[in-house]
Amino acid sequence: MLQVVWFKRDLRVEDHAPLTRAASCGPVLPLYVVEPELWRQPDMSARHWSFIVDCLRSLDHALQQRGQGLVVHRGDIVSVLGDLHRAWGRFALWSHQETGNGWTFARDRAVAAWCRDHAVPWTECPLHGVQRGLTQRTGWSRAWEAQMAQTISTPPAQLPVVVATPAEHTLDAACAQMPPVAPNREQRGGRAQAEACLHSFLETRGRDYHSSMSSPISAETSCSRLSPHLAWGALSMREVVQATRAARSALDPAQCGGHRRALQSFLGRLHWHCHFIQKLESEPRLEFDNLHSAYDDLRPEGHNPALLEAWQTGRTGLPFVDACMRYLHNTGWLNFRMRAMLVAVSSYHLWLHWRAPALFLARQFTDYEPGIHYSQMQMQSGTTGINTPRIYNPVKQGRDHDPDGQFIRQWVPELAGIPGEAVHEPWTLSAALRRRHGAAEYPDPVVDHLTAARRARQQIWQVRKQAGYREEADAIQERHGSRRSGMRQCGGPSPRKRASEAPATQQAFDWGLES
């Protein structure tokens with residue numbers, strides 16, 4: 001019987017359990033489906049597709065070397081499966097589980113229904129360290145460790161030729177119908193790039209990871225930059241965990257103590273990567289609704305179009321915020337602290353509902369991973385009920401992480417001529433001085449950030465005094481809170497504290513590893 005392996009966010013042959021297991025059962029047809037409806041969703045972008053194409057070319061090359069190349073269809077997956085069923089008769093379907101956006105969740109349910117109706121067995125293997133069907137977190141960390149310790153599956157050495165890929169089912173044919181994109185300084189995808197990125201981080205770039213991750217200047221090279229390779233599956237989480245542990249063990253503690261600490265810090269973030277995806281897996285509504293219902297009336301569902309546009313375009317008049325947003329536009333990446341700051345400014349200072357900024361940022365991040373993304377959007381917006389609101393001071397963040405204004409002047413060239421400390425608060429200069437230094441076109445701040453932060457803090461904390469708030473927060477903690485003992489060393493709650501009384505449990509951790 002034909003074994004159809006459906007590739008989604010797992011674009012590799014290495015450590016690919018569905019491929020390895022399918023190959024042991026019969027001839028394999030490797031399948032990727034370009035789904036036009038998915039690419040019409042408001043969180044998807046050409047930036048993602050550009051990276052995916054690199055990964056697909058790499059995947060096709062690896063499959064061709066084994067005998068059977070990748071077959072690419074375009075259309076609705078259920079219709080594609082129907083076509084395969086008519087052409088081949090009964091087959092077995094294999095894939096990894098996916099914790100994607102709401103659209104892919106609905107799509108997978110439709111696939112499951114089709115498979116039941118047509119007596120097609122569909123085997124879904126776990127991806128990363130996420131557990132399906134989980135109702136609470138006791139034992140989650142142990143299960144994650146067990147999964148990471150499993151032997152990395154070896155790809156099949158050969159795949160019998162099932163079909164010569166028709167011209168209309170090649171990657172080039174699919175690409176011809178998708179918009180091209182080539183942003184400046186974009187990370188490239190594919191297995192070779194992923195492996196090179198991993199090795200350079202473990203061997204050299206990551207030596208100061210723990211101390212250099214916060215500034216956007218040093219983070220560009222000191223952070224792992226593995227997040228897009230994990231998000232689209234050029235590497236497996238197990239591969240990265242095992243390689244990191246091996247690299248750390250090989251370092252001499254007496255001579256490489258700092259490097260060992262850096263890699264240990266990175267290992268913690270690999271764990272939290274799956275922890276956040278688990279939240280969306282367990283509660284898909286997290287993509288759309290406030291996790292804690294007390295915040296439902298806090299911010300309007302709509303948004304202030306002028307404030308949203310100023311934030312999106314990097315013209316808030318807050319130099320460090322604008323520099324980070326423009327950097328993101330150009331690169332598709334930003335380190336965690338700066339991502340958190342951008343969200344904090346949109347949610348607290350501009351008082352925007354998190355949903356519109358979430359969709360915009362999803363399109364910007366090459367490493368868009370829905371489970372991490374929406375969990376972090378809510379956490380940084382203060383709507384989870386189990387995390388202490390962190391309202392970043394955007395001027396202080398600039399002074400802390402870009403003290404000389406180097407980053408601001410590079411990405412906000414209107415301020416390149418502003419001397420010294422004034423680059424962090426150009427509105428303190430007279431209009432004449434700003435004209436003299438070439439900054440006349442840079443806008444004044446859209447809000448007074450100190451006044452806006454004070455008002456937001458008062459409103460957020462007022463919500464916590466409502467009747468029933470603590471009981472709902474405790475239920476959220478039970479369902480989603482970490483049981484990992486190391487959490488308390490990172491500022492999390494002790495077991496004796498109610499969730500609503502505790503400080504942030506995951507505030508120090510990250511989007512896509514890059515905190």
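Residues numbered from 1 in each chain as written. Predicted model: local features only at pLDDT ≥ 70, side-chain atom pairs only at ≥ 80, totals over all residues. Heavy atoms only, no water.

Trainee: Go over the overall build of the protein with me, naming the residues and quoting the values.
Mentor: Each helix and strand in the protein was counted, giving 22 helices and five strands. Over its C-alpha trace the protein gives a radius of gyration of 24 Å, about what one expects of a compact globule, namely 24 Å for 515 residues. Principal-axis analysis of the C-alpha atoms gives the protein an extent of 75 × 55 × 55 Å. Classification of the 515 residues of the protein by burial places 59% in the buried group. Look at the contacts in the protein between residues 6 or more apart in sequence, and 79% of them connect residues 24 or more apart. Of the roughly 20000 Å² that the protein leaves accessible, carbon and sulfur atoms contribute 51%. Of note, the protein has its 58 positive side-chain charges centred 5 Å away from the centre of its 51 negative side-chain charges. (Helix = DSSP H or I, 4+ residues; strand = E, 2+ residues; numbered from the N terminus. Rg over C-alpha atoms; globule rule 2.2 N^0.38 Å. Buried < 20%, exposed > 50% of the residue type's maximum accessible area, 1.4 Å probe, protein only. Contact = heavy atoms within 4.5 Å. Areas by Shrake-Rupley, 256 points an atom, 1.4 Å probe, with all protein chains shown as cover. Lys, Arg positive; Asp, Glu negative; His and termini not counted. Charge placed at Lys NZ, Arg CZ, Asp CG, Glu CD.)

Trainee: Tell me about the environment of Gln68, and please be specific about residues and values.
Mentor: The residue Gln68 is located in the loop between α2 (46–66) and β3 (71–74) in this model. The class for Gln68 is buried, based on a relative accessible area of 0%. A sequence separation of 233 residues divides Gln68 from Glu301, and the C-alpha atoms of the two residues are 50 Å apart. With sequence-adjacent residues up to four places away left out, Gln68 is seen in contact with Val28, Pro30, Leu63, Leu159, Pro160, Val161, Val162, Val163 and Thr165. At a separation of 2.7 Å, a polar atom in the side chain of Gln68 contacts the main-chain amide nitrogen of Val162. A polar atom in the side chain of Gln68 sits 3.1 Å from the backbone nitrogen of Val163. (Polar contact = N/O pair within 3.5 Å; in protein donor to acceptor, adjacent residues only side chain to side chain.)

Trainee: Now, about the packing of aromatic side chains: what can you tell me, with residues and values included?
Mentor: Applying the stated criterion across every chain yields a total of 13 aromatic pairs. Judged by centre distance (5.6 Å) and plane angle (75°), the rings of Trp39 and Trp49 are edge-to-face. Taken together, the residues span a long stretch of sequence, with Trp39 in the loop between β2 (28–34) and α2 and Trp49 in helix α2 at a distance of ten residues. Across the pair, Trp49 and Trp39 agree in class, each one buried. Plain terms: the ring middles of Phe320 and Phe407 are 6.1 Å apart, the flat faces sit at 65° to each other, and that makes the pair edge-to-face. In this pair, Phe320 is assigned in helix α14 (residues 319–331) and Phe407 in helix α19 (residues 406–411), connecting sequence segments 87 residues apart. By relative accessible area, Phe320 is classed as buried at 3%. In this structure Phe407 comes out as buried when scored by relative accessible area, which is 3%. Site record: aromatic cluster; members linked through ring pairs are Phe320, Tyr327, Phe407 and Trp411. (Phe/Tyr/Trp six-rings, centres within 6.5 Å; stacked < 30°, edge-to-face > 60°.)

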